[in-house]
Amino acid sequence: MAATTGNLPQLKSAVDGLTDMSENERSGFINLVSRYLSGEAQHIEWSKIQTPTDEIVVPYEKMASVSEDVSETKNLLDKLVVLKLNGGLGTTMGCTGPKSVIEVRDGLTFLDLIVIQIENLNNKYGCKVPLVLMNSFNTHDDTQKIVEKYTNSNVDIHTFNQSKYPRVVADEFVPWPSKGKTDKDGWYPPGHGDVFPSLMNSGKLDAFLSQGKEYVFVANSDNLGAIVDLTILKHLIQNKNEYCMEVTPKTLADVKGGTLISYEGKVQLLEIAQVPDEHVNEFKSIEKFKIFNTNNLWVNLKAIKKLVEADALKMEIIPNPKEVDGVKVLQLETAAGAAIRFFDNAIGVNVPRSRFLPVKATSDLLLVQSDLYTLVDGFVTRNSARTNPSNPSIELGPEFKKVSNFLSRFKSIPSIVELDSLKVSGDVSFGSSVVLKGKVAVTAKSGVKLEIPDGAVVENKDINGPEDL
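Residues numbered from 1 in each chain as written. Predicted model: local features only at pLDDT ≥ 70, side-chain atom pairs only at ≥ 80, totals over all residues. Heavy atoms only, no water.

Description of the sheet that holds strand 1 (residues 49-50)
Step number 1: If you trace the 3 strands from one edge of the open sheet to the other, you get 1-14-15, paired in antiparallel fashion. Each having just a single partner strand, strand 1 and strand 15 (266-270) make up the two edges of the open sheet.
Step number 2: One ladder, built from 2 bridges, connects strand 1 with strand 14 (residues 259-263); its direction is antiparallel. Its bridge partner being in strand 14, I49 is matched across the sheet by Y263. (Pairing = 2+ DSSP bridges. Helix = DSSP H or I, 4+ residues; strand = E, 2+ residues; numbered from the N terminus.)

As for the environment of I116
Step number 1: If you trace the backbone, I116 turns up in helix 4 (residues 110-125).
Step number 2: Classification of I116 by relative accessible area gives partly exposed; the value is 26%.
Step number 3: With near-sequence residues (within four places) excluded, I116 lies in contact with L108, D377 and G378. (Buried < 20%, exposed > 50% of the residue type's maximum accessible area, 1.4 Å probe, protein only. Contact = heavy atoms within 4.5 Å.)

Remarks on the sheet that holds strand 19 (residues 347-350)
Step number 1: Sheet architecture is open: 8 strands sit in the order 2-19-13-16-12-3-6-7, paired in mixed fashion. Two strands lie at the open edges of the sheet, namely strand 2 (57-59) and strand 7 (157-161), each paired on one side alone. Taking the axes of each pair of neighbouring strands and ignoring which way they run, one obtains an average angle of 25° across the sheet.
Step number 2: In the sheet, strand 13 (residues 243-249) pairs with strand 16 (residues 291-300) via 7 bridges, with the strands oriented antiparallel. Along strand 16, the bridge assignment pairs C244 with W298.
Step number 3: Helix 4 contacts strand 3 (80-86), strand 6 (131-135) and strand 7 of the sheet and is inclined by roughly 155° relative to strand 6.
Step number 4: Strands strand 3, strand 12 (215-220) and strand 16 of the sheet are contacted by helix 10 (residues 301-309), whose axis makes an angle of about 90° with strand 16. (Axes fitted to C-alpha atoms, helices over the stretch in contact; angles between N-to-C directions.)

A short note on the pairing of strand 13
Step number 1: The buried fraction of strand 13 is high, at 6 of 7 residues.
Step number 2: The pairing of strand 13 with strand 19 spans 4 bridges and is parallel. From the neighbouring strand, E246 faces strand 19, where its bridge partner is V349.

Concerning the packing of helix 1 (residues 8-16) against helix 2 (residues 23-37)
Step number 1: For the pair helix 1 and helix 2, interaxial distance at closest approach is 11 Å and the crossing angle is 165°. As summarised for this structure, helix 1 and helix 2 are arranged roughly antiparallel, according to the angle between their axes. In the crossing of helix 1 with helix 2, the sense of the turn from one axis to the other is right-handed. Contact with helix 1, carried on its side by L8, L11, K12, V15 and D16, involves R26, F29, I30, V33, S34 and L37 of helix 2 and no other residues of that element.
Step number 2: When its residues are assigned to classes, the contact of helix 1 with helix 2 shows 7 nonpolar, 1 polar and 3 charged. (Parallel < 35°, antiparallel > 145°, perpendicular 65-115°, else oblique. Left-handed = near helix turned anticlockwise from the far one by under 90°. Nonpolar A, V, L, I, M, F, W, Y, C, P; charged D, E, K, R; others polar.)

Examining helix 8 (residues 230-239)
Step number 1: The element helix 8 is largely enclosed, with a buried count of 7 among its 10 residues.
Step number 2: The first or second residue beyond helix 8 is K240, which carries a positive phi of 55°.

Notes on the layout of surface pockets
Step number 1: Counted as a void, the largest pocket has a volume near 1,400 Å³.
Step number 2: Taken together, 44 residues make up the lining of the largest pocket; nearest its centre are G88, H192, N220, D222 and K360.
Step number 3: When contributions to the lining of the largest pocket are tallied by element, the ones reaching two or more residues are strand 3, strand 11 (187-188), strand 16, strand 17 (318-324) and strand 18 (327-333).
Step number 4: Broken down by class, the residue content of the lining of the largest pocket amounts to 14 nonpolar, 21 polar and 9 charged.
Step number 5: The computed volume of the second largest pocket comes to approximately 1,200 Å³.
Step number 6: What lines the second largest pocket is a set of 38 residues, among which R353, F356, L357, P358 and N391 lie closest to the centre.
Step number 7: Elements with a contribution of two residues or more to the lining of the second largest pocket: strand 13, helix 11 (362-369), strand 21 (379-382) and strand 22 (393-396). (1 Å grid on protein atoms, 1.4 Å probe; cavity = no way out; pocket = protein on both sides within 12 Å on 5 of 7 lines; lining within 4 Å. Points joined across faces, edges and corners; volume = space filled by probe spheres on them.)

So this is what it looks like as structure tokens:
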């Protein structure tokens, strides 16, 4: 049977008995569940959706650039806090611990690159931009150990934990930990929409306000393109925008990404889950909805404080049903991007694709470790020798899914500056100094090992065995 608001008292008394939760977590969780049970979800009327104007989604190139004046730059940076969402594990890529400690390039991890970038800003401009990591209970202990290595860097690093909520056993609608599931699997972090109340509850938000900080730049720790951008920061301060979401033009790879719309006079995020079935294809079309959310967000700290204190951030709830150890559980989550409609004078900015370079799988790792990119001062920059504005599409088979397997199958990462697409399946490995161009497919038949020899140049070829080399 479906749960109703009648289930709330029983759930509430069970939650009161869970000693692992803080008061803030208890009230946040009950609040989320009661919103879910009351079915308060906003219903989108498709006919009311409008395409945002350039005033609402500002083209990046129309923003005024920042002068070379060092004191102006320092003045801007003194108002900024950088926050990285660091709650995710590297499990999908076969790694233990936080995803941010996977080595991306030249032996440096995501976190190393982030610290180097901010340290360079602090050294160059004589400012003190702090780095804040929002961990989950899954990544907290490891992260605390890892950040010790940056003790001598010129960056103040702060960490706090996002909320820890109990998974709910679906058929009885009770918290799983109350039924004896007391290990980590009984709990979940409720999505990055939790960043606002958790930052406030940690005491960090008030501390930053007392230091004169005004904006927080929030981004996923695995997005290598999410670097501090002074042009955006200056625009927000000058125009008193409380919230800014970076969006970028959709390609066919991004059709499921959330988009910004104008709706009843407000800018808001439209996610595929909110789209009625009969409009899903329209949502995915690049013609009508041309942009998608990168999850690079700039938010005014005072506005966060005001809205959290008023309990006004009621983002769309994302129900995430799972089966864990044979038990059907429900976890309710929210997304930080959906908060845009609660902030005053909120905008999007249509940024170059270079600001969206996420590493979600080893195919992305291949791109960023190749000659398609160079690494300077912690910034990953695209090779100007590539004329095609979009990156090659790369599909690697399950043999490459784990980082360790991926690395063992390349003596060195091939040159891919002139590659359009690569598809690899089966037991394939690559020698050193291989060059791939055009459209390349490499398929090893079942039970056959196929190695691309050192120095091979493969252009517009389907390779199904050694005879094709």
